Amino acid sequence: MKDIEQLIQNYASKNLETKRNWYSEVASLYDWARPRYPQTIFEYLRAQLPHPLQAVEIGCGPGIATSSLASFSQRLIALEPSSVACEMAQVKTAHLPQVNILNTSFEEWQPGSLVLLDAVIATTSWHWLEPTLRLTKTAQLLRSQGHLVLLWNTPPMPSETEFAHLQPILRSYAPELAEYVNLSEYHQNFAGFASEIEASGLFGAVQTTSEICQISYSIPQFLGLL
């Protein structure tokens, strides 16, 4: 246990300052342009998770998923290292007494005397966490039969034909965005995380599901997303 605590402290001190500044300058733009999770995902979670639910959300950002998760939670602690995004999420959820949003990273957070949780939910954040800590600390937080839930909302991509028209512009102005990312590449990454969780021996069987959604963007909003 002491070795894990020391690893947490070392990692947190090295990376927390960086995480506190993530997206801070564009937090409002991120909140405006980032797509929302489909409501069917929350309906699925509501049906699968225990009631009443005690959960932690990792990386809530500006609160994109927090209110929906709170709708079926008795207690929801949301962690967000960016102070700007954290304040936005706190404003959005101020009317929800069951929600407590903390300006901290998952690695730095100390649960104290918190009872074991029904669920740990990472909302488009699992890949940012330190690989050893994310498995060990999560397992320590969950009660027997508790659930680790990994949600991702992948960045919207135009069709390959539409992207071909955008590619010359992106190569000139944003070359880091000029390569088309196929949905199958994201699925390969997700499968890798599932294998990692199974191989750890800390959790039970892994289930995966995905949903493809179509979304319409105005030109300013799509530029904001980029």
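Above this note sits the structure.
Everything quoted here is computed from the prediction, not taken from an experiment.

Criteria and thresholds
- Residues numbered from 1 in each chain as written.
- Predicted model: local features only at pLDDT ≥ 70, side-chain atom pairs only at ≥ 80, totals over all residues.
- Heavy atoms only, no water.
- Salt bridge = Lys/Arg side-chain N within 4 Å of Asp/Glu carboxyl O.
- Buried < 20%, exposed > 50% of the residue type's maximum accessible area, 1.4 Å probe, protein only.
- Helix = DSSP H or I, 4+ residues; strand = E, 2+ residues; numbered from the N terminus.
- Arc of directions from axis to C-beta.
- Contact = heavy atoms within 4.5 Å.
- Pairing = 2+ DSSP bridges.
- Axes fitted to C-alpha atoms, helices over the stretch in contact; angles between N-to-C directions.
- Phe/Tyr/Trp six-rings, centres within 6.5 Å; stacked < 30°, edge-to-face > 60°.
- Expected span 1.5 Å × (residues − 1).
- Polar contact = N/O pair within 3.5 Å; in protein donor to acceptor, adjacent residues only side chain to side chain.

Caption draft 1: Just the pattern of salt bridges, in detail. Considering all chains together, one arrives at four salt bridges under this definition. A salt bridge links Asp-31 to Arg-36, with the nearest nitrogen and oxygen atoms 2.8 Å apart. On the accessibility criterion, Arg-36 (39% relative accessible area) is partly exposed. Asp-118 is paired through a salt bridge with Arg-143; the nearest N and O atoms lie 2.6 Å apart. Of this pair, Asp-118 sits in strand β4 (residues 117–123) while Arg-143 sits in strand β5 (residues 142–151), and the two are 25 residues apart along the sequence. Through salt bridges with shared partners, a single ionic network connects Asp-31, Arg-36 and Lys-92.

Caption draft 2: Examining helix α3 (residues 39–48) more closely. When we look at burial in α3, the residues that qualify are Ile-41, Phe-42 and Leu-45. Around the axis of α3, the buried residues are gathered within 95° of arc, so they sit on the same side. On its buried face, α3 sits against α4 (66–70) and β5.

Caption draft 3: Structural detail: the sheet that holds strand β2 (residues 73–79). The strand order across the open sheet formed by five strands is β3-β2-β1-β4-β5, and the pairing between neighbours is parallel. Pairing within the sheet leaves two strands with one partner each, and these edge strands are β3 (99–102) and β5. Sheet twist, expressed as the average angle between the axes of neighbouring strands with direction ignored, equals 15°. As paired strands, β2 and β3 are joined by four bridges and run parallel to one another. Across the sheet, residue Ile-77 finds its bridge partner in β3, namely Asn-100.

Caption draft 4: A look at the side chain of Thr-138. By the secondary structure assignment, Thr-138 is in helix α6 (residues 131–141). Dropping the residues within four chain positions of it, Thr-138 is found in contact with Phe-106, Val-120, Trp-126, Leu-133, Leu-148 and Phe-203.

Caption draft 5: View of the packing of aromatic side chains. Tallied over the entire structure, the rule returns five aromatic pairs. Seen in terms of ring centroids, Phe-163 and Tyr-180 are 5.2 Å apart; in terms of plane orientation they differ by 70°. Their pairing is edge-to-face. Note that Phe-163 is positioned in helix α7 (residues 160–173) and Tyr-180 in the loop between α7 and α8 (183–200), a separation of 17 residues in sequence. In this structure Phe-163 comes out as buried when scored by relative accessible area, which is 5%. Arranged with centres 6.2 Å apart and planes meeting at 70°, the rings of Tyr-217 and Phe-222 form a pair that is edge-to-face. Members of the aromatic cluster, connected to one another through ring pairs, are Trp-152, Phe-190 and Phe-193.

Caption draft 6: How the structure looks around the environment of Thr-40. Following the sequence through the fold, Thr-40 ends up in helix α3. For the pair Thr-40 and Lys-92, spaced 52 residues apart in sequence, the C-alpha separation works out to 21 Å.

Caption draft 7: Layout of unusual backbone geometry. Pro-52 follows His-51 through a cis peptide bond whose omega is -5°. As for its placement among the helices and strands, Pro-52 is situated in the loop between α3 and β1 (53–58). In this structure, Thr-124 takes a positive phi of about 50° despite not being glycine.

Caption draft 8: Representation of α8 in the model. Between its terminal C-alpha atoms α8 stretches 26 Å, which fits the 26 Å expected from 18 residues at 1.5 Å a residue. The complete set of buried residues in α8 reads Tyr-186, Phe-193, Ala-194 and Ile-197. Angular distribution of buried residues about the axis of α8 spans 100°; they occupy a single face of the element. Every exposed residue of α8 that faces more than 90 degrees away from the buried side is listed here: Gln-188 and Ala-199. Packing partners of the buried residues in α8 comprise α6 and β5. For α8, the N-terminal capping position is held by Asn-182, with its side-chain oxygen 2.9 Å away from the main-chain nitrogen of Ser-184. Backbone geometry just downstream of α8 places Gly-201 in the positive-phi region, at approximately 75°.

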